[in-house]
Amino acid sequence: MLYAAVDTESKLLLEVYMFSSRGTDPAAAFLQRRTKKHVIAETELFVDAGVY
C-alpha cells in the first residue's frame, strides 16, 4: 500500500512510504511519522475508497 503526503498549495511531495500490508495499522503508522516531522493540526486528509 502506497501512502503519500502532498502540500496541496505548493504541490510539493512531502513524503512517500510503501507498506507491504493494508489496513488501519499502516495508515496510523504513516500519520504518526508525519506528526513527528510536520505540524498537521489543520491538515486535510484525502483517502481512497478502501473498506479498511
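Residues numbered from 1 in each chain as written. Predicted model: local features only at pLDDT ≥ 70, side-chain atom pairs only at ≥ 80, totals over all residues. Heavy atoms only, no water.

Visitor: How would you explain the overall build of the protein if you had to name every residue and give the values?
Guide: From N to C terminus, the protein includes 1 helix and 2 strands. From first element to last, N terminus to C terminus, the protein shows the α and β order β-β-α. When its C-alpha atoms are laid out on the principal axes, the protein stretches across 30 × 20 × 20 Å. Counting all 52 residues of the protein, 15% fall into the buried class. Nonlocal contacts in the protein, meaning residues at least 24 apart in sequence, comprise 21% of its contacts between residues at least 6 apart. (Helix = DSSP H or I, 4+ residues; strand = E, 2+ residues; numbered from the N terminus. Buried < 20%, exposed > 50% of the residue type's maximum accessible area, 1.4 Å probe, protein only. Contact = heavy atoms within 4.5 Å.)

Visitor: Any chance you could break down the environment of Lys 36 for me, citing the residues and the numbers?
Guide: Relative to the helices and strands, Lys 36 is located in helix 1 (residues 24-37). Look at Lys 36 and you get exposed, because its relative accessible area is 68%. Along the chain, Lys 36 and Arg 22 lie 14 residues apart, while their C-alpha atoms are 22 Å from each other.

Visitor: Outline the packing of aromatic side chains, supporting the account with residue identities and numerical values.
Guide: This structure, assessed with the given rule, holds 3 aromatic pairs. Taking the centre distance of 4.7 Å and the plane angle of 55 degrees together, the rings of Tyr 17 and Phe 19 count as tilted. The rings of Tyr 3, Tyr 17, Phe 19 and Phe 30 are connected pair by pair, giving a single aromatic cluster. (Phe/Tyr/Trp six-rings, centres within 6.5 Å; stacked < 30°, edge-to-face > 60°.)

Visitor: Break down the confidence of the model for the protein for me, with residues and values.
Guide: Of all residues in the protein, 92% attain a pLDDT of 70 or more, and the chain-wide mean is 80. Here helix 1 is the element of the protein with the lowest mean pLDDT, 83, and strand 2 (residues 12-18) is the one with the highest, 87. (pLDDT = per-residue confidence, 0-100.)

Visitor: Now, about the pairing of strand 2: what can you tell me, with residues and values included?
Guide: Direction of pairing for strand 1 (residues 2-7) relative to strand 2: antiparallel, over a ladder of 6 bridges. Following the sheet pairing, Ala 5 is matched in strand 2 by Glu 15. (Pairing = 2+ DSSP bridges.)

Visitor: Can you lay out the pattern of salt bridges for me, pointing to particular residues and giving the numbers?
Guide: Tallied over the entire structure, the rule returns 1 salt bridge. Between Glu 15 and Arg 33 there is a salt bridge, with its nearest N and O atoms 2.7 Å apart. Linking Glu 15 in strand 2 with Arg 33 in helix 1, this pair joins segments that are 18 residues apart in sequence. Note on Glu 15: relative accessible area 7%, which makes it buried. The class of Arg 33 is partly exposed, set by a relative accessible area of 31%. (Salt bridge = Lys/Arg side-chain N within 4 Å of Asp/Glu carboxyl O.)

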